Each structure stands twice: as structure tokens, then as C-alpha cells.
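Single-letter residue listing:
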Number of protein chains: 2
Amino acid sequence: MTTALHPREDTGLAGRLARSAAQRTSGAGPRTAQVAEWLAERRAAHRFAVTRIPFADLEGWSFRPDTGDLGHRSGRFFTVEGLSAVVGEDPGVRWEQPIIRQPEVGILGILAKEFDGVLHFLMQAKMEPGNPNLLQLSPTVQATRSNYTKVHKGAAVKYIDHFVRPGRGRVLADVLQSEHGSWFLHKSNRNMLVETDEDVADDPDFAWLTLGQIGELLHGDNLVNMDARTVLACTPVAFPERSAQLSDTMLHSWFTGERSRHDLRTAAVPLRSVAGWEQDPWAIRRPDGRFFQVVSVGVEAGSREVGSWTQPMFEPTGRGVIAFVVRRFDGVPHLLAHARVEGGFLDTVEIGPTVQCVPDNHPVLGSAGRPPFLDLVLEAKPEQVLYEAVHSEEGGRFLNAESRCLIVQPEAPVEDELPPGYCWLTPGQLASLARHGHYVNVQARTLLSCMTTGAVTW
Amino acid sequence: MTTALHPREDTGLAGRLARSAAQRTSGAGPRTAQVAEWLAERRAAHRFAVTRIPFADLEGWSFRPDTGDLGHRSGRFFTVEGLSAVVGEDPGVRWEQPIIRQPEVGILGILAKEFDGVLHFLMQAKMEPGNPNLLQLSPTVQATRSNYTKVHKGAAVKYIDHFVRPGRGRVLADVLQSEHGSWFLHKSNRNMLVETDEDVADDPDFAWLTLGQIGELLHGDNLVNMDARTVLACTPVAFPERSAQLSDTMLHSWFTGERSRHDLRTAAVPLRSVAGWEQDPWAIRRPDGRFFQVVSVGVEAGSREVGSWTQPMFEPTGRGVIAFVVRRFDGVPHLLAHARVEGGFLDTVEIGPTVQCVPDNHPVLGSAGRPPFLDLVLEAKPEQVLYEAVHSEEGGRFLNAESRCLIVQPEAPVEDELPPGYCWLTPGQLASLARHGHYVNVQARTLLSCMTTGAVTW
């Protein structure tokens, strides 16, 4: 052990990240304009096919005789179980739903390296069965523990060694972040950015891109996958704001108050008896068609660790809307944050975007059940839309789960009086909270990744 | 709403706290040397009596016929249930135990106010049935939600309004912190420091003390209660170290790795069938006498919201040892932190002190079961002991739960090679982590409170 101390803060890193974010059209790897083409080429180089199958055709997966829970015979991967949730004081709001339980912590890791003095990030052209276009830009490593401990009995995860061998690289970020609280029970993944100065072997399915190039690609639909977006949201870039509507302590206090005032009580229930849901040979769904359905797919793939497999997936029944509404105070941009309760959150509440919903689930315009600010976002004029793209949620578990992602600055500022559970914070404050787990939900992190990569500037 | 922005950081606060910490012998209230006398006087002014009673004499509490769980007929307060825990991969380490379930978030709040330009803190002489000397210095407010929503049907909680009316005071700290993970299931409380400039009514059971005075009192045995210590640990004082063995990012990465590599799987089990425990009319305990027992007490009190009541309590079977081992690197003090798994933690792992155990539970000196560094701490010579006092754990739930709390700097520095799960961090790094929940456990926060109040200086 050397006794040489490290500065607590790496003061040079913000500048290096800013240089990488400033380089937007080209870098050491493919030019930004060529990435879509490269992805198409990788898609053609492999054999991919995803087919819907009935539950009876799942291989290795079955419904437990006692509970009806859906699991793999190895006891690994994940299970689909039932959840009952109650929010608020007795009687509260109650519901039941299927939910994915996958207690192990996976690694989402992006490897970084300087080329010509500029940080680049090693992005993978990765197939996931749930992505509408199958193949998207992904982190260098996207591995469940089953992956990298070889429960799959497949090939080793490429580059994993940079993330599991402590001290090999220089860690730029490493934080456990929650996954979708409406679909996953207490799931979190390790979001890592690790810099290396070693030689890194080339691979045709991987490309080095700058932060700015990735930011440009975030303007495209379904190009940058969810796992990449959540890691990018944790990039420790510097934001300029030194003042805000709420000081950092006041913001913490608001969040602590929101977490304290909400009760969330959940319990496992047998999948077979989840109230309000029904099962047929092809799906577990609600008769009213809302929210999502549990289905099964068969996958043929050439570039995954295993060549072919079958698995259950969650398929939402409509396209989501994920949006931050912006207002400037004294010229400083602020985002309208919403303290959200989701049944699968480990700790009751996380900060979500201003709007996060599937509009089809709330069809009556102007009704009490219509989420606040949804119509404001949907009716925004083009010049008020600072950012817009369609992105998919995690394609390993969710089938065709697309959301329209927006950052909107309405012409008439949002009024001063906010509904309960909403508050204004700056992009820098959101980024500071995202250095820790359980503060910022995965949807808000997608929008944050547009800010850390410079896809949105103010 | 005013559009005047706040600086994100309150740069003046650290200096104001330092001034309060520097004032150690007297302030606007009682002199430090008089506080023990004042506590004795308040003890005499009220009528307190705590008696052990058999479970059958509990009023309003009963064992549920189906599970044997112990609860109150109102459904409020808390329940004693069974917990089964498995740590690590199959088969892992397994155990069962009784545990307290109290899902509501309480408030532990200290009111602050400047007198003659120096911050003072309003401390309460509060009786808790589990404290060996009954009455100790407590936060201004120590309220379960049942307390302040009046389920007790007792008197209102004094000064609570400063903590539940947003915007009334100026929040200096507000964070949800975990309670004892071995005794409480997923319990956390809101730790608040709120400054007021309003007139505050005097009360004979309350006194204004500076941070330095409280630091001096922390040298006394059983003077400052656990709830006060955990709030004081969250005080945003500035620590001087700008460098450390690990940068803040490396430290986060170490912690994320520790949390990721541990699996903790818990499930509720009926209290009646908890393996390894037995019940008689007076106690639920282990035949081998280890860990703790569940007992009942009757309480007569003059100064509590309710004059008399009965309740179950947890009583540890030995005195604990809680200690940080210190080593200086390049002159900068570092604490040896331990990433601990406790069955009741919400998120698997929190940072505990170097040593946290009841030595009687590990009687064989030098054996494999003896906790690392325990003997190093117990054998420290007086000149190596930077801090030592006996403190009690939360006296509302735990009966005679005392720990010897130490900060020890051994003459021969701890060797470079650390056991898995240990790492060196600075006091400032520990304090930074304690600004957020689920990082620093309650035992480590007791020792941290000695640093934030200047009871230990380096």
C-alpha cells in the first residue's frame, strides 16, 4: 500500500469531460454521421430473429405449481411474481400487478480512454430482443451476475475484466441506480465509468465515441439504449449554476419530506392470484388492456453470449411520454421534478420527470385522472421543445417499450403554485443527486443523459 | 413565490458551526459543568418508574393468535415479528431472530438559534424507559408519527411545529437515517436541524447549549442520548482534509462494490416459530443466552406525553463495543470503516465502525469467530485512546442497551493488508456520506457525532 494520498475531488476531470462533450462530429472512431450506418452493418452481420411464442414453448421456464410464479429451472435469471401495493394511510390506494424479481446486481459499464487527449467511450452495437430495431448503442459491458459468473454457460462477457478487477482502471463513476419501479421489484444495477490507459483490443461490434458524439446520437430515435443512457447520466460533468430556487440543503429537505410523507407497503402475492389480471396461453394481461402484458419470445442471435434462447418479457400497451418542463428563474434553467412513488422502489420515492406516463392509460383529456402537465407537454409548439426523441426501455426485459422523451420550455411559464410533490431544481442539482442511488429514477436519468452529453444546452 | 435564488451552498454555515463548536464551557443556557446537575434536578422534578412485567400484564398489547407476533390493538406503534435472513450465495449464512417492525418515519429534530451571534441547540431532558439512568439529553423533538398525529391521545409534542411546518425555519440538515439494523426492520428516522430566529418559549425541561458544550458532554457516560447523537452526526461542519487514501469517487466505488457483492435476502416468519428462540411468560430469548431478549416493562412518567404505559422492549444480553481504529497517512487521520450487513438494513450494507459487537457473544479470545480488531481495541493503552465513553442506544425501544464507544489510535499502525470489507476514510468523508441516508449506520454516527461536535480533535 502506498501512502500517497489522493485529492478528494478530481478537479481535472470536469474539464476533460467538457472537452469530450465539445467534440460532436468526429473522434477516434466512426464519425457521428456514420454511426447509424455502422449499426445497420452490424445488424446485417449477425443473424437475429425474435418471435412471440406461447408460454408452453418456453424452454427451462415454467409456472410454479403452488403460486403460478414464472421462473427458470436453474433458479437464476429472474422470476415474474405478483405484487400487492398500498400507498398512503389506511385504506390508501391499492393495486396488484405482476412484477419482475431479479435480486442480483448487474454491471452497466462504459470503458473510457483518451485518444489524442480527448476522452472516448467504448460503445457496443448490442442486440436486445425487446428493442424495436433490435440493435442499439449500448455500454461496453451490460452483464447480469449470471452473465459474468457464467450461469449462461455462454461466452465470456467482453471487457468485463476492466470492471470487476479492482484497481485495474481509474473509476470515474460507480453508483447503484434503480431500474423501472413499475416493472422491477427493488432492482438496481451498478452504473460504472472506468478509464483505462491500457491498450484495448478492437472488436467489430464496438466503437470509441466522444461524449459529444453520443450526445448528438441521442437526438436520433432508438439509437442509444437505456443502459447506456443511465450510465451517461452518472457522468460527473460540471454544470455552471451556482444558485437555484432551493439551496442544496433545502432540496434535500424537500426530498426527505416527500419520502417521509409517503407510505408504501408491498407484499408478494402468487402470480396466479393477482387481482385484475388474467392469463391465457400467450399472455398475462388486464381485461381493460391497460399498463402492460407478460409475454414470451424466442430469440435467435449470432452475437450474444448464447446463440438462442426463450424468455418472458413485459410489453407495455402504449407508448410512454417522459418529459421535463423547464422554467428559467433569473435566467437559470430549472426542471420541474416530481417525487414519484413506484411499487418496486426500494425506498418509496424517487425523483422522476415532470411527466411520466402512458397517455393511453389516461384517455380522458382534462379529467381528474389525467397526469399534471401532460397536456402542456403534448401541446407544446415546436419552438418550445428543447429536446425530443423516441427511446426504448431496457430491451432485455421489456418488449417494444418506447417512450417519447421531451424537454419542453412553455412560452407561458408554469405557474408559481405547484401541485403537491413537485419542485424546481437545476440540471446541476439533478446531476449531483444522481451521484448517489435511489434519488433519480431511470426515466429522469434518460433526460439527464441528454444534459450530461450536451444533447440539450441552455 | 419569489424568484430570488439561493446559493446552492451555504458558505457561511461552516464558520458559524465552528464558532459554536469552539464555545465549550458556557453559552446562553446552563454552563457545561452544570448540565449533569440540571438533568438530576429534572429527574427529581418528575415521577419516573420502570418495572419489568410479564407479557400477560401488557395493556393493549397481545400476541396474534395466528403468528405469535406481538402488537398493539390500535395497529400502531410497532410490532415484534420474526425475521429469517440469508446472506451470501446459496447456502449462505442463515439465521432467524425477532425484529421490530415500525414502518413509519419519525422525526428527530434539534432546534437551533443564535444567541449573541453563536448558534445554540435546544436540548431536552427526556425520560426514556430503556436508559439506565432514565433521563438524558435528547433532541428538541423526538416524535414518531403516532406521537405527533396524536394516536397516543397524549399532550402535543413541544416545538414540533418548527419541524413540520415547511418554510417556518431555516433547514440546516434534513436526512433520513437508518436505525439499528440488527433490531429494527428497515427503520429510518428523519434527522433534522432547523434554525429559527423567532422567539422560542422557555421550558424547564429544555436548555440551549452550544455545539462545543454538547461535545464536552459527550465525554460523559449516558448523558447524550442516541437520538441526539445521530442528529449531531448530520451537522454540516467542515472538515479540513482535502486529500485521502481514496478519492471520494474511489470511496463511492468501494462502497458500491461492497453493496453489490453482498446478497441479503430476508423474509417475515411468525414470531412463534423463530428458530433458535424460546418464549416464557417473561421473555423471548435464546437458550444460549446470546444477543438479546424481548421483555416487557411498565412505565410511570410525569413528563411524557402519556403518564403511564406498558410496552415490549429489546434487551441486549451484554455491553457492546463500538470503536473506530485510527491511522494517520501523511499526517491525515483516517478511520477504518467496515461495510456491514445487518438483517434489518433496507439496502444490504452500510458503513459501520471498525468494531461493533458484544464481546460476550464471541467469548473465545483469538478464535476465528472473534471480530477483527476487537482485541486491538480492548488492549489499547490509555494514551492510545482518543475518545471513550459509555452511551445507551435508543431508550424508547431498547432496555439497558449500553455500548462502550471508543476511538483508538494504536501505537503500531494497523497493517496495510485489510480484511475484506474494510477501508480507510477520513472524518470528512464519513461526514459527507452522512449527508445522505443508508451510508453510515447508527453506531458509526455515534462516533461521528464526537467529531462534528469537537469531542475528538486530531
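Throughout this document, residue positions are counted from 1 along each chain, in the order its sequence is written. To read the labels, note that chains go from A and ligands from 1, taken in the order they are written. Totals for whole chains, interfaces and linings use all residues, but because this is a predicted model, local features are given only for residues with pLDDT of at least 70 and pairs of side-chain atoms are given and counted only at 80 or more. Computation of side-chain values covers all heavy atoms of the structure but excludes hydrogens and water.

Participant: Describe the overall build of chain A, and please don't skip the residues or the numbers.
Facilitator: Put simply, DSSP H or I for four residues or longer makes a helix, DSSP E for two residues or longer makes a strand, and each gets a number counted from the N terminus. Scanning chain A for helices and strands turns up 10 helices and 27 strands. Radius of gyration: over C-alpha atoms. The globule rule applied is 2.2 Å multiplied by the number of residues raised to the 0.38 power. Here chain A has a C-alpha radius of gyration of 22 Å; the compact-globule value for 458 residues is 23 Å, and the two agree. Expressed as lengths along the three principal axes of its C-alpha atoms, the size of chain A is roughly 60 × 55 × 50 Å. Between buried and exposed lies partly exposed: a residue is buried under 20% and exposed over 50% of the maximum accessible area for its type, with that area taken using a 1.4 Å probe on protein chains only. In chain A, which comprises 458 residues, the share counted as buried stands at 63%. For this analysis, residues touch if any pair of their heavy atoms sits within 4.5 Å. Considering only residue pairs separated by 6 or more positions, chain A has 73% of its internal contacts joining residues 24 or more positions apart. Here Asp and Glu are counted as negative and Lys and Arg as positive; His is not counted, and neither are the chain ends. Lys charges are placed at NZ, Arg charges at CZ, Asp charges at CG and Glu charges at CD. Of the charged side chains in chain A, 45 are positive and 55 negative; the average position of the first set lies 4 Å away from that of the second.

Participant: Any details on the relation of the copies chain A and chain B? Residues and values, ideally.
Facilitator: Take chain A, turn it by 180°, move it 0.0 Å along the axis, and it overlays chain B with an RMSD of 0.0 Å. On this basis, the relationship between the two copies can be described by a two-fold rotation axis. Closest approach to the rotation axis among the C-alpha atoms of chain A is made by L346 of chain A, whose C-alpha sits 3.8 Å away. In this assembly the copies share their binding face: 100% of the residues contributing to the interface of chain A also contribute to that of chain B. When the copies are overlaid, the least-squares fit takes in C-alpha atoms only where the residue has pLDDT of at least 70 in both copies.

Participant: Account for the packing of aromatic side chains, with residues named and values stated.
Facilitator: Aromatic rings from Phe, Tyr and Trp, with only the six-membered ring used for Trp, were paired whenever their centres fell within 6.5 Å, and each pair was classed as stacked if the ring planes differed by under 30 degrees, edge-to-face if by over 60, and tilted otherwise. As enumerated under the stated definition, the model contains 24 aromatic pairs over all chains in all. Ring geometry for F292 of chain A versus F314 of chain A: centroids 4.6 Å apart, planes at 15°, classification stacked. Here F292 of chain A, found in strand β19 (residues 292-300), pairs with F314 of chain A, found in strand β20 (residues 308-316); they are 22 residues apart in sequence, far enough to count as distant. Judged by relative accessible area, which is 1%, F314 of chain A ranks as buried. Three or more aromatic residues joined by ring pairs make a cluster, and in this case those are W61, F77 and F78 of chain A. Any Lys NZ or Arg CZ found within 6 Å of a ring centre and within 35 degrees of that ring's normal is scored as a charge over the ring. Taking the ring centre of F115 of chain B as reference, the NZ or CZ of K113 of chain B above it sits at 5.6 Å.

Participant: So what's going on with the interface of chain A and chain B? Which residues, and what values?
Facilitator: At the interface, 54 residues of chain A touch 55 residues of chain B. Here's the idea: put two parts together, see how much 1.4 Å probe accessible area each one loses, and the total over both is what we call buried area. Between chain A and chain B, a total of about 4,700 Å² is buried, with carbon and sulfur atoms accounting for 50% of that surface. What makes a salt bridge here is a side-chain nitrogen of Lys or Arg within 4 Å of a carboxyl oxygen of Asp or Glu, nothing more. At the junction of chain A with chain B, the criterion picks out 2 salt bridges. Pairing of N or O atoms within 3.5 Å defines a polar contact, subject to two protein rules: one partner must be a possible hydrogen donor and the other a possible acceptor, and residues neighboring in sequence count only if both atoms are side-chain atoms. Our count for the contact surface shared by chain A and chain B stands at 19 residue pairs in polar contact (both at pLDDT 80 or more). Listed by contribution, the elements that provide at least two residues to the side of chain A that touches chain B are β1 (6-7), β11 (170-178), β15 (243-244), α7 (248-261), β21 (320-329), β22 (332-341) and α9 (427-433) of chain A. Per-element accounting of the side of chain A that touches chain B gives the leading share, 10 residues, to α7 of chain A. In the scheme used here, Gly and all other residues not listed as nonpolar or charged are polar, with Ala, Val, Leu, Ile, Met, Phe, Trp, Tyr, Cys and Pro taken as nonpolar and Asp, Glu, Lys and Arg as charged. Classifying every residue of the side of chain A that touches chain B gives 18 nonpolar, 18 polar and 18 charged. Whether two strands pair depends on DSSP finding at least two bridges between them. The sheet contact formed by β15 of chain A and strand β1 (residues 6-7) of chain B spans 2 bridges and is antiparallel. In the strand pairing of β1 of chain B, A244 of chain A is matched with H6 of chain B.

Participant: Residue-level account of the packing of helix α6 (residues 226-233) of chain A against helix α10 (residues 442-452) of chain A, with values.
Facilitator: Any two packed helices are characterised by the angle at which their axes cross and by the distance between the axes. All names here are of chain A. Interaxial distance between α6 and α10 falls to 7 Å at its minimum, and their mutual angle equals 65°. Judged on the interaxial angle alone, α10 and α6 are roughly perpendicular. As α6 packs across α10, the resulting crossing turns out to be left-handed. For the pair formed by α6 and α10, the contact residues are M226, R229, T230, L232 and A233 on the first element and V442, R445, T446, L448, S449 and T452 on the second. Residue classes in the contact of α6 with α10 are distributed as 5 nonpolar, 4 polar and 2 charged. Between the N-to-C directions of two axes lies an angle of 0 to 180 degrees, each axis being a line fitted to C-alpha atoms and, for a helix, fitted only over the stretch in contact. If an angle is under 35 degrees, it is roughly parallel; if it is over 145, roughly antiparallel; if it lies from 65 to 115, roughly perpendicular; otherwise it is oblique. Handedness of a helix crossing follows the sense of rotation of the near helix relative to the far helix, less than a right angle counterclockwise being left-handed and clockwise being right-handed.

Participant: Explain helix α1 (residues 13-22) of chain A to me, and be specific about the residues and the numbers.
Facilitator: Residues and elements named next belong to chain A. Within the span of α1, buried status applies to L13, R16, L17, S20 and A21. For α1, the angular spread of buried residues about the axis comes to 140°, placing them on one side. As for α1, its buried residues are in contact with β7 (106-115), β8 (118-127), β11, β13 (188-195), β14 (206-210) and α5 (211-217). Relevant arc is that of directions from the helix axis to the C-beta atoms, nothing else.

Participant: Quick rundown of the pairing of strand β20 (residues 308-316) of chain B? Include the residues and the values.
Facilitator: Residues and elements named next belong to chain B. Of all 9 residues in β20, 8 are buried; the element is thus mostly enclosed. Note: strand β19 (residues 292-300) against β20, 9 bridges, orientation antiparallel. By the bridge assignment for β20, E300 is matched with S308.

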